[in-house]
Structures are given as structure tokens and as C-alpha cells.
Amino acid sequence: MKNVTDSFVSLGHWPSAGSFGFNTDILATNLINLSVVLGVLIFFGKGVLSDLLDNRKQRILDTIRNSEKLREGAIEQLEKARARLRKVEIEADQFRTNGYSEIEREKWNLINSTYKTLEQLENYKNETIHFEQQRTINQVRQRVFQQALQGALGTLNSCLTNELHLRTINANLGMFGAIKEITD
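Model, not experiment: these values are computed from the prediction. (Residues numbered from 1 in each chain as written. Predicted model: local features only at pLDDT ≥ 70, side-chain atom pairs only at ≥ 80, totals over all residues. Heavy atoms only, no water.)

## Remarks on a nonpolar patch on the surface
What counts, and what does not: A patch consists of residues whose relative accessible area exceeds 30% and which take part in no salt bridge; residues with like charges are grouped when within 9 Å of each other, and nonpolar side chains (Val, Leu, Ile, Met, Phe, Trp, Tyr) when within 5 Å. Computed by Shrake-Rupley with a 1.4 Å probe, the accessible areas treat only the displayed protein chains as cover when residues are assessed. Salt bridge, as applied in this entry: a Lys or Arg side-chain nitrogen positioned within 4 Å of an Asp or Glu carboxyl oxygen. Comment: elements are numbered from the N terminus, with helices defined as DSSP H or I runs of at least four residues and strands as E runs of at least two.
On the surface, a nonpolar cluster with roughly 520 Å² of combined accessible area is contributed by Ile 32, Val 36, Val 40, Phe 43 and Phe 44. As for its position among the elements, Ile 32 is in helix α2 (residues 26-94).

## Brief notes about the packing of aromatic side chains
Quick note on the threshold: Two aromatic rings, drawn from Phe, Tyr or Trp (for Trp, its six-membered ring), form a pair once their centres lie within 6.5 Å of each other, and the interplanar angle then sorts them: stacked below 30 degrees, edge-to-face above 60, tilted otherwise. Buried means the residue's accessible area, taken with a 1.4 Å probe over protein chains only, is under 20% of the maximum for its type, while exposed means over 50%, and partly exposed covers the values in between.
If you walk through the whole model with that rule in mind, you get 1 aromatic pair. For the pair Phe 43 and Phe 44, a centre-to-centre distance of 4.9 Å together with 85° between the ring planes defines the contact as edge-to-face. There is no split in this pair, since Phe 43 and Phe 44 are both exposed.

## A look at the side chain of Arg 56
The criterion, for reference: Throughout, a contact is declared for two residues whenever any of their heavy atoms are within 4.5 Å.
Of note, Arg 56 is situated in helix α2. By relative accessible area, which is 4% here, Arg 56 ends up buried. If near-sequence neighbours (up to four positions away) are discounted, Arg 56 is found in contact with Glu 132, Arg 135, Thr 136 and Gln 139.

## Observations regarding the pattern of salt bridges
Counted according to the given criterion, the structure contains 8 salt bridges. The residue Arg 71 makes a salt bridge to Glu 68 at a minimum N-O spacing of 3.6 Å. Of this pair, Arg 71 and Glu 68 both sit in helix α2, 3 residues apart, roughly one helical turn. Taking the relative accessible area as the measure of exposure, Arg 71 reaches 38% and is therefore partly exposed. The salt bridge involving Glu 132 is made with Arg 135; its shortest N-O contact spans 3.0 Å. In this pair, Glu 132 and Arg 135 both sit in helix α3 (residues 96-159), 3 residues apart, roughly one turn of the helix. Salt bridges sharing common partners tie together Glu 68, Arg 71, Glu 122 and Lys 125.

Written out as C-alpha cells, the structure is:
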């Protein structure tokens, strides 16, 4: 029992572990700072990013729906063109002896114009989707960059004291002076 009491008494007599100070290991502190900044960005930015992506997704889906409606309209036009084609074919049989080549030319013109219209609508749909995707990506990049800069500036402003700021400036000026001497 006396040994247990002696061990508790000896705990009270430990020497001081040291005091707080600046960590001069730049690599370790930069890794810690970067991990903290990235953690904060991920924690606070994922909601905003998720909302942005959901909004953009909805816009893209709306664009796709609109394109599908345009496509359906083009299909209706194609059906009308096919009906006209059937009508032209009936007339062609009636007037075969008088102007077969002219009627055939008109038939192909109708088919070609309809397919060109369909191709143009399909291209327009694809270009619209691509444009919306690029615009979404650019907006997300800008927002993430702005948030990262704001977070980094906030962290720097909250961590830098006047003394530390002056020492950092003096150290950088010393490094620039050394670089200038080497390059001269």
C-alpha cells in the first residue's frame, strides 16, 4: 500500500514539460495548416457545392427535356414529311410519264431537308448540353477557388501577429537579397 501512495506522491513532483512556442519546422506546420484548411473547405463547402451541382443538374435536365420536346416536334415534322412523301409518290405514279425526274428530285429534297433539320436539332441539343456542363464546371471552380482564398486569408489573418508578420517579411527580404546576389 505504501508503494501505491509513493507513486501518487511522485506524480505531483514531475518536472515541467516545457512551454508553448513557435514550431520552426516549416514543412510540418504547412502540412498541418493545409490539412486544416482543406478540412474546413470540405466540411463547409460540400453543402454549397452540392446545392450548386443539384441546381445545375436540374437546369441540364430541363434543357434535355426541352431538347426532347424539340426532337418530338421534329419527329412530328418528319411524319408530316413522310405523309407528304407518300402523297408525292402517289402523284408520281399518276404523272410518271410527264415529269418523273422532277417529282423524284422534290422527294429527295424533302427527305434531305427533314434529315438536315433533325441533325441541326440534335446538334443544337448536344451543344446546349455541352455549354451548360462547361458553364457549370467553371462556376463551381470559381466558387471553390473563392472559398479557398477566403478561408486561407481568414486563417492567415487570424494567425499572423505583427511580430510574426515582420519576422516573415524580414526573412523573405533576406532570401530575396541572397537570390539577387547569386544572380548578379
